[in-house]
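A structural walkthrough
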Amino acid sequence: MKLSICLLLITVMLMPLRLWAAVWTDEFEEDKLNKAWDTITDRPEKKGFAKFEKGKLLLNEPVGNFGHLIKDGRPLVLRDAPKGEFSISALLDSTPEAPAKSYWIGLFVIGSAKNDAAMSKNWSVLTFGGSNGEVKALIGSMIDDVWNDKGHFDIPKWPIYLKLEKKETELNGYYKKNESDDWLQVGTAWNDNLNSPEKVGLGFINNWGGANLTLIAEFFTLEGPNVEPFAVESTGKLSMTWGQLKSLEQ
């Protein structure tokens, strides 16, 4: 009996680590983006910014007046998506504060990140916002240039925790007001036809109300069987700056 237990323990210890979910969390405590964030995009006017302030990532778009069907770039901060199932989550807020002034901003899963046009074709989201004066969450996907709206749902005023889970092509969205709260589902599960997305991150679906709008993230977490833990960069390997990352889109 004891021998069997020992053999079982040894077998478990030798099993690949990828069978257990790993966690990658960026708490935005440095003054530059971690090198894992390898793609930042902007509107054609290039007037927005991404910066750090008091342990938060701020992604700004000051001009507004763009909708969800744009092909020429939207404000996004992205990193590689892992293979297989995963979830992304964050504590998010905005300036101006809630209620919304006609926008949707939040969590993104991107099909292809080759260029702005490719990134506009296939993506899935869990976002907050709404028409002027609303406090809503939105779930849905752009599938081959066709928007699939899966609903707008009442949520508490932000700041708010959001989580988007993906397993094969099925997605589920969740929210909670406080860290200690249980996750509450936003709507129901939906499918996006994306088996192997390239990127995950934060950003804007639209800002049709024209507000000088800033998305604020206190942390971003990626979790899944194939996720590599967060790597702290050495002094000699500092992250790229906002300007350097924006140059990727030139």
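1. Examining the overall build of the protein
Along its length, the protein carries three helices and 15 strands. Residue pairs in contact within the protein that sit at least 24 positions apart in sequence constitute 68% of those at least 6 positions apart. Total accessible area on the protein stands at roughly 12,500 Å², and carbon and sulfur atoms take up 52% of it.

2. With respect to the pattern of salt bridges
Under the criterion given, the structure shown has nine salt bridges. Two residues, arginine 43 and aspartate 72, come together in a salt bridge whose shortest N-O distance is 2.7 Å. Taken together, the residues arginine 43 in the loop between strand S2 (37-41) and strand S3 (49-52) and aspartate 72 in the loop between strand S4 (57-61) and strand S5 (76-80) connect sequence positions 29 residues apart. Assessed through its relative accessible area of 8%, arginine 43 is described here as buried. Residues aspartate 192 and lysine 166 are paired through a salt bridge, measuring 2.9 Å at the closest nitrogen-oxygen approach. With aspartate 192 in the loop between strand S13 (184-191) and strand S14 (199-206) and lysine 166 in strand S11 (residues 160-167), this pair connects stretches of sequence that are 26 residues apart.

3. Some words on the nonpolar core
Counting 46 residues, the largest nonpolar core has Ile88, Leu92, Leu107, Phe128, Trp158, Leu202 and Phe220 as the members making the most contacts within it. In terms of residues, this core owes the most to one element, strand S15 (residues 213-224), which gives five residues. The contacts of phenylalanine 128, once residues within four sequence positions are left out, are Leu92, Asp93, Ser94, Tyr103, Trp104, Ile105, Lys136, Ala137, Ile155, Trp158, Leu162 and Leu215.

4. Here we look at the packing of aromatic side chains
The tally for this structure, following the rule as stated, stands at eight aromatic pairs. A ring pair is formed by phenylalanine 28 and phenylalanine 52, whose centres lie 6.0 Å apart and whose planes are at 40°; its orientation type is tilted. Of this pair, phenylalanine 28 sits in the loop between strand S1 (22-26) and S2 while phenylalanine 52 sits in strand S3, and the two are 24 residues apart along the sequence. With 5.1 Å between their ring centres and 70° between their planes, tryptophan 37 and phenylalanine 220 make a pair best called edge-to-face. Here tryptophan 37, found in strand S2, pairs with phenylalanine 220, found in strand S15; they are 183 residues apart in sequence, far enough to count as distant. What links up through ring pairs into an aromatic cluster is the set Trp24, Phe28, Trp37, Phe52 and Phe220. Stacked on the ring of phenylalanine 66, the Lys or Arg arginine 43 has its end atom at 4.8 Å from the ring centre. For the cation-ring pair, lysine 176 lies above tyrosine 161, with the distance from its terminal atom to the ring centre recorded as 5.5 Å.

5. Structural notes on the confidence of the model for the protein
Predicted confidence across the protein gives a mean pLDDT of 88, with 84% of residues reaching 70 or more. A low-confidence stretch, residues 5-19 stays under pLDDT 50, and its non-local contacts, those more than four residues away or across chains, total four contacts. Predicted confidence for residues 233-250 stays below pLDDT 50, and this span has 35 contacts to residues more than four positions away or in other chains.

6. A few points about the side chain of asparagine 34
Mapped onto the elements, asparagine 34 comes out in the loop between S1 and S2. Its relative accessible area of 9% is what places asparagine 34 among the buried residues. A polar contact is formed between the side chain of asparagine 34 and the backbone nitrogen of alanine 36, at a distance of 3.0 Å.

Analysis parameters
- The residue count restarts for each chain, going from 1 along the sequence in the order it is written.
- This being a predicted model, a pLDDT of at least 70 is required before a residue's local features are given, and a value of 80 or more before pairs of side-chain atoms are given or counted; all residues contribute to the totals for chains, interfaces and linings.
- To obtain the side-chain values, all non-hydrogen atoms of the structure were used and water was disregarded.
- Secondary structure elements follow DSSP: runs of H or I of four or more residues count as helices, runs of E of two or more count as strands, with numbering from the N terminus.
- Here, two residues are considered to be in contact whenever any of their heavy atoms come within 4.5 Å of each other.
- Only the protein chains shown count as covering a residue, and every accessible area follows the Shrake-Rupley method with a 1.4 Å probe.
- Definition used for salt bridges: Asp or Glu carboxyl oxygen within 4 Å of a side-chain nitrogen of Lys or Arg.
- Burial status follows relative accessibility: with a 1.4 Å probe on protein chains alone, a residue under 20% of its type maximum counts as buried, one over 50% as exposed, and anything between as partly exposed.
- Side-chain atoms within 4.5 Å are what join buried Ala, Val, Leu, Ile, Met, Phe, Trp, Tyr and Cys residues into a set we call a nonpolar core.
- Classification of ring pairs uses Phe, Tyr and Trp, with its six-membered ring standing for Trp, and accepts pairs whose centres are within 6.5 Å; under 30 degrees between planes counts as stacked, over 60 as edge-to-face, and the remaining range as tilted.
- For a Lys NZ or an Arg CZ to count as sitting over a ring, it must be within 6 Å of the ring centre and within 35 degrees of the ring normal.
- Scored from 0 to 100, pLDDT reflects the predictor's confidence in each residue.
- Counting of polar contacts relies on pairs of N or O atoms within 3.5 Å, with two restrictions inside protein: one atom must be capable of donating a hydrogen and the other of accepting it, and residues adjacent in sequence are counted only when both atoms are side-chain atoms.

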